Amino acid sequence: MRTVTLATGETVPALGFGTWRMGERGGDRAAELAALRLGLDLGLTLVDTAEMYGDGRSEELVGEAIRGRRDEVFVVTKFYPHNASRAGVPAACARSLKRLGTDRIDLYLLHWPGSTPLEETVAALERLQDAGHIRHWGVSNFDTDDMEELEAVAGGERCRTDQVLYNLGRRGIEFDLLPWMRARAMPAMAYTPLEPDRLAGKPALARIATARGVTPLQVALAWVLAQPQVIAIPKASRAEHVRQNRAAHDIELTADELAALDAAFPPPTRKRSLEML
Ligand code: NAP
């Protein structure tokens, strides 16, 4: 499994597993649990969740999936901006730890920018880190100006990632945010790397997919994984999709294929505000 390197030197898998909308409906639970466990078996051991997802039910599902194999997994979860205060962060963390059935979160993210001063949030995160409840912290949905504001705060340089919307159809971050992060050895975490509704029917993806005998979305995922220092976290509740995503990791797009994708999905030529889902 390809890896990316955090600024601390620790490596994490470049292909992980997202869990938004998982754990929400009881009837789907067995299949979702099986999909998550299959992902772990296939090496998709970085698992992303959030206190928001299904009001904690996604975290509970992840907790069940990793039971007995916690040490294999890099657990990422997120707290709401309305829990980003001095008292709110440790309280949210304690609830997440309980739902996840673990004593530590590997990477704990502020889900999107809020109104609590970043100094306060960072100080709370650093206390959690000192106490061993979280191993690393980061943010999500921060644009470049938000990252600059964060970097100016005491301890802000210890932010380990920004989890942002990034796929072939949403390349805005390549203009300034990705270069800003790369200059600081900070990997980006690409959420919604497949976005089937927008990408599945694109002819440029279909052409490459047909020639290779894979699916268009596998090509889309391979493209995200071809970007340096980017972690992709596709969500899949069906076993077939989990297998396809794992196989997409092994697709090495050629220079010609990458050029064809650039022509169909041009990189940005000017600053665009960060898109969010
Ligand atoms: P996504 O991963 O791009 O797409 C998920 C959809 O693609 C699901 O409908 C899934 O179907 C389908 N799928 C998965 N693998 C496939 C394959 N190989 N072929 C065809 N379809 C496939 O979108 P996402 O769930 O929005 O994003 C991924 C993760 O990023 C989330 O789950 C969440 O963890 C995170 N996220 C974070 C934020 C944030 O604000 N930080 C926002 C959005 C998402 P099945 O489930 O039926 O298999």
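Everything below is about the structure printed above this text.
For clarity, every value in this text was computed on a predicted model and none was experimentally measured.

This part takes up unusual backbone geometry. In the Ramachandran plot, Thr-192 falls in the positive-phi region, its phi being about 50° despite a non-glycine side chain. Mapping Thr-192 onto the fold places it in the loop between β9 (188-191) and α7 (196-199). Residue Thr-192 is classed as partly exposed on the basis of its relative accessible area of 22%. We note that Glu-195 has phi near 40°; this positive angle belongs to a residue other than glycine. Note on placement: Glu-195 falls in the loop between β9 and α7.

With that settled, consider the side chain of Arg-246. On the secondary structure map, Arg-246 appears in helix α10 (residues 239-248). At 3.2 Å, the side chain of Arg-246 and the side chain of Asp-250 are in polar contact. Excluding residues that lie within four positions of it along the chain, Arg-246 makes contacts with Met-1, Leu-15, Leu-42 and Leu-44.

Summed over the entire model, instances satisfying the criterion amount to 23 salt bridges. Arg-135 is paired through a salt bridge with Glu-10; the nearest N and O atoms lie 2.7 Å apart. A residue pair is termed long-range when its members are at least 10 positions apart, and Arg-135 in strand β7 (residues 134-140) and Glu-10 in the loop between β1 (3-5) and β2 (11-13) qualify at 125 residues. Among the ionic pairs, Asp-71 bridges to Arg-104, the shortest N-O distance being 2.9 Å.

Below, the discussion takes up the sheet that holds strand β5 (residues 74-79). Spatially, eight strands are ordered β3-β4-β5-β6-β7-β8-β9-β10 in an open sheet, and the strand pairing comes out parallel. Strands at the two margins of the open sheet, each flanked by one partner only, are β3 (17-18) and β10 (230-232). Strand direction decides the pairing type here: β3 and strand β4 (residues 46-48), joined by two bridges, are parallel. Residue pairing for β4: Gly-18 is matched across the bridge by Asp-48. Sheet strands in contact with helix α3 (residues 88-100) are β5, β6 (105-110) and β7, and its direction is about 135° off that of β6.

A word on the site of the ligand. Around the ligand, a shell composed of 26 residues is seen, among which Asp-48, Leu-194, Lys-235, Ser-237 and His-241 lie nearest. Note that a nitrogen atom of the ligand is positioned 2.9 Å from one of the side-chain N or O atoms of Gln-163. Contact distances for the ligand include 3.0 Å between an oxygen atom and a side-chain N or O atom of Thr-192. About the coverage of the ligand: the protein hides 89% of its 900 Å² of free accessible area. A per-element tally of the shell around the ligand places α10 first, with three residues.

Residues Tyr-108, Met-147, Leu-150 and Leu-261 are the most contacted members of the largest nonpolar core, which totals 87 residues. Ignoring any residue separated from it by four or fewer positions in sequence, one finds Leu-150 in contact with Leu-118, Val-122, Trp-137, Val-139, Phe-142, Gly-156 and Cys-159.

Following the sequence through the fold, Glu-51 ends up in the loop between β4 and α2 (57-66). Within the buried core, Glu-51 has no salt-bridge partner, and the shortest N-O distance to an opposite charge, that of Arg-95, equals 4.0 Å.

Once that is clear, we can look at helix α5 (residues 144-151). When we look at burial in α5, the residues that qualify are Thr-144, Asp-146, Met-147 and Leu-150. On an axial view of α5, the arc spanned by its buried residues comes to 155°, and they lie on one face. Where the residues of α5 are buried, they touch α4 (118-130), β7, β8 (162-165) and α6 (177-182).

The next subject is a negative patch on the surface. The grouping of Glu-119, Asp-145, Glu-148 and Glu-149 at the surface amounts to a negative patch. It is α5 that contributes the most residues to the negative patch, three residues altogether. Among the secondary structure elements, Glu-149 is positioned in helix α5.

The rules behind these values
Counting of residues starts from 1 at the beginning of each chain's written sequence and follows it residue by residue. Owing to the predicted nature of the model, reporting of local features is limited to residues with pLDDT of at least 70; listing and counting of side-chain atom pairs is limited to 80 or more, with chain, interface and lining totals taken over all residues. The basis for every side-chain value is the complete set of heavy atoms in the structure, and neither hydrogens nor water enter the calculation. Per the convention used, a helix needs a DSSP run of H or I reaching at least four residues, while a strand needs a run of E reaching at least two, with both numbered from the N terminus. For every residue, the accessible area obtained with a 1.4 Å probe (protein chains only) is divided by the maximum for its type, and the residue is called buried under 20%, exposed over 50%, and partly exposed between those limits. Here a polar contact is recorded for every N or O atom pair within 3.5 Å, except that within protein the pair must consist of a potential hydrogen donor and a potential acceptor, and residues adjacent in sequence are included only if both atoms are side-chain atoms. The contact definition used throughout considers only heavy atoms, calling two residues in contact when any of these lie within 4.5 Å. Between Lys or Arg on one side and Asp or Glu on the other, a salt bridge is scored when a side-chain nitrogen of the former is within 4 Å of a carboxyl oxygen of the latter. For two strands to be treated as a pair, DSSP must find no fewer than two bridges joining them. Interaxial angles span 0 to 180 degrees and are taken between N-to-C directions of axes, which are lines fitted to C-alpha atoms, for helices over the stretch in contact. Any residue with at least one heavy atom within 4 Å of a molecule or strand is counted as near it. Each accessible area is a Shrake-Rupley result for a 1.4 Å probe, and residues are judged covered by the shown protein chains and nothing else. What we call a nonpolar core is a set of buried Ala, Val, Leu, Ile, Met, Phe, Trp, Tyr and Cys residues that are connected through their side-chain atoms within 4.5 Å. The positive count covers Lys and Arg only, the negative count covers Asp and Glu only, and His and the chain ends enter neither. Along the arc lie the directions from the helix axis toward the C-beta atoms. Patch construction takes residues with relative accessible area above 30% that form no salt bridge. Like charges are linked within 9 Å, and nonpolar side chains (Val, Leu, Ile, Met, Phe, Trp, Tyr) are linked within 5 Å. Charged groups are reduced to one reference atom each: NZ for lysine, CZ for arginine, CG for aspartic acid, CD for glutamic acid.

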